[in-house]
Amino acid sequence: MSVRRIELVEVSARDGLQNEPEILSTEVKLELIGRAVAAGVRRLEAASFVNPSRVPQMADAEAVMAGLPKDDGVTYIGLVLNRRGFDRAAEAGCREVNYALVASDAFSERNQGTTIEQGMRVLDDIAGAARAAGIRCSATISAAFGCPFQGAVKPERVHGLIAHCAGLGLFEIGIADTIGVAAPGEVAEMFAEAARLAPAAQLRGHFHNTRNTGIANAFAALEAGVHALDASIGGIGGCPFAPAATGNIPSEDLIYMLHRLGVETGIDIEALIETAGWIETQLGRPVPAMVSRAGNFPPAELRA
């Protein structure tokens with residue numbers, strides 16, 4: 001593989017914490033974000049502007065945004081699921097928002113109370129409002145490979161959603177294996193088709209490790225030419241509306257693979273490992289990441 005650079009989008013503060021039973025304080029969330037930034041992360045999900053009664057872990061979204069540095073060269077993303085969420089994010093000072101466009105009607109209705117068609121119209125509205133406000137807008141197509149309520153999702157449905165996003169001129173389109181059912185071959189084919197359908201957009205991959213294929217799928221997306229990959233320190237998180245959902249691929253596991261492949265990330269893996277240990281103490285239990293347990297290789301004492 002020729003040397004290239006991949007952007008890590010750190011999602012532990014949003015997708016990571018939203019499915020954990022503990023509700024961590026705003027101060028702890030800000031420290032988690034600060035640790036990620038100190039490790040070299042330059043783009044991360046900071047908060048989700050959703051109904052706090054449904055996702056109480058994200059009830060302090062405005063307070064988190066208010067506590068972030070204003071001019072540190074880092075992009076802080078707010079997740080939005082409807083126009084109210086976008087308006088809250090804009091008022092809170094978000095300069096980038098991401099909308100979740102779900103590829104399954106059953107999951108979409110549980111996750112955000114819309115059908116796919118309604119979700120597309122919501123995205124149209126948010127994309128226009130973001131453009132008018134000078135806010136970058138991306139969309140992530142969730143449950144792109146499978147739905148916990150309806151089973152397999154036809155690739156053609158996802159292709160249609162990608163084309164719709166491309167027609168809106170979104171700068172980035174994400175494709176998410178929200179419940180961790182995809183295999184690398186499917187991922188490679190999906191991203192190849194996405195590149196054909198949306199040649200002007202950056203592509204971003206979001207994988208969960210529910211069935212232990214997350215890192216393999218990230219590699220497949222890398223080979224297919226993605227610009228960015230999502231990951232969560234410690235591998236914490238998941239979707240609160242997907243039964244048995246487990247965490248995102250761990251940031252330290254992903255960075256270890258990328259660095260061994262010679263892919264540049266600008267991330268300090270040792271700092272990620274240290275932060276994984278710290279978040280364990282905040283949650284009161286071990287995190288699922290592998291590299292944070294095994295350590296980097298070669299270990300520091302054997303490096304020249």
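Above: the structure in question.
Residues numbered from 1 in each chain as written. Predicted model: local features only at pLDDT ≥ 70, side-chain atom pairs only at ≥ 80, totals over all residues. Heavy atoms only, no water.

Comments concerning helix α2 (residues 26-38)
Okay, step 1: With 13 residues, α2 extends 18 Å between its outermost C-alpha atoms, agreeing within 8% with the 18 Å of an ideal straight helix rising 1.5 Å per residue.
Okay, step 2: Of the residues making up α2, those classed as buried are Thr26, Val28, Lys29, Leu32, Ile33, Ala36 and Val37.
Okay, step 3: Structurally, α2 contributes buried residues whose contacts are with β1 (7-10), α1 (12-16), β2 (43-49), α3 (61-67), β3 (75-80) and α11 (269-283).
Okay, step 4: Looking one or two residues past α2, Gly40 carries a phi angle of roughly 115°, positive in sign. (Helix = DSSP H or I, 4+ residues; strand = E, 2+ residues; numbered from the N terminus. Expected span 1.5 Å × (residues − 1). Buried < 20%, exposed > 50% of the residue type's maximum accessible area, 1.4 Å probe, protein only. Contact = heavy atoms within 4.5 Å.)

Structural notes on the environment of Met58
Okay, step 1: Relative to the elements of secondary structure, Met58 occurs in the loop between β2 and α3.
Okay, step 2: Considering only alpha carbons, one finds Met58 and Ala47, eleven residues apart in sequence, at a separation of 6.6 Å.

Points about the packing of aromatic side chains
The way to describe two aromatic rings as a pair is by their centre distance and the angle between their planes.
Okay, step 1: Tallied over the full model, the rule gives two aromatic pairs.
Okay, step 2: Taking 6.0 Å as the distance between ring centres and 70° as the angle between the ring planes, the aromatic pair formed by Phe107 and Phe149 counts as edge-to-face. One end of the pair, Phe107, is in helix α5 (residues 105-112); the other, Phe149, is in the loop between β6 (146-147) and β7 (151-152), with 42 residues separating them in the sequence.
Okay, step 3: A residue is classified by how much of its surface remains accessible, and Phe107, at 2% relative accessible area, is buried.
Okay, step 4: Consider the rings of Phe191 and Phe207, whose centres lie 6.4 Å apart with planes at 55°: the pair is tilted. Here Phe191 is found in helix α8 (residues 184-197), whereas its partner Phe207 is found in strand β9 (residues 202-207), with 16 residues between them in sequence.
Okay, step 5: The exposure class of Phe191 is buried, given its relative accessible area of 0%.
Okay, step 6: We classify Phe207 as buried; its relative accessible area is 1%.
Okay, step 7: Against the face of Phe171 rests Arg136, its NZ or CZ located 4.0 Å from the ring centre. (Phe/Tyr/Trp six-rings, centres within 6.5 Å; stacked < 30°, edge-to-face > 60°. Lys NZ or Arg CZ within 6 Å of the ring centre and 35° of its normal.)

A closer look at unusual backbone geometry
Okay, step 1: Note that the residue after Phe297, namely Pro298, is joined by a cis bond; omega there is -5°.
Okay, step 2: Tracing the backbone shows Pro298 in the segment after α12 (291-294).
Okay, step 3: Phi at Asn212 takes a positive value of approximately 65°, unusual for a residue other than glycine.
Okay, step 4: Along the chain, Asn212 turns up in the loop between β9 and α9 (214-223).

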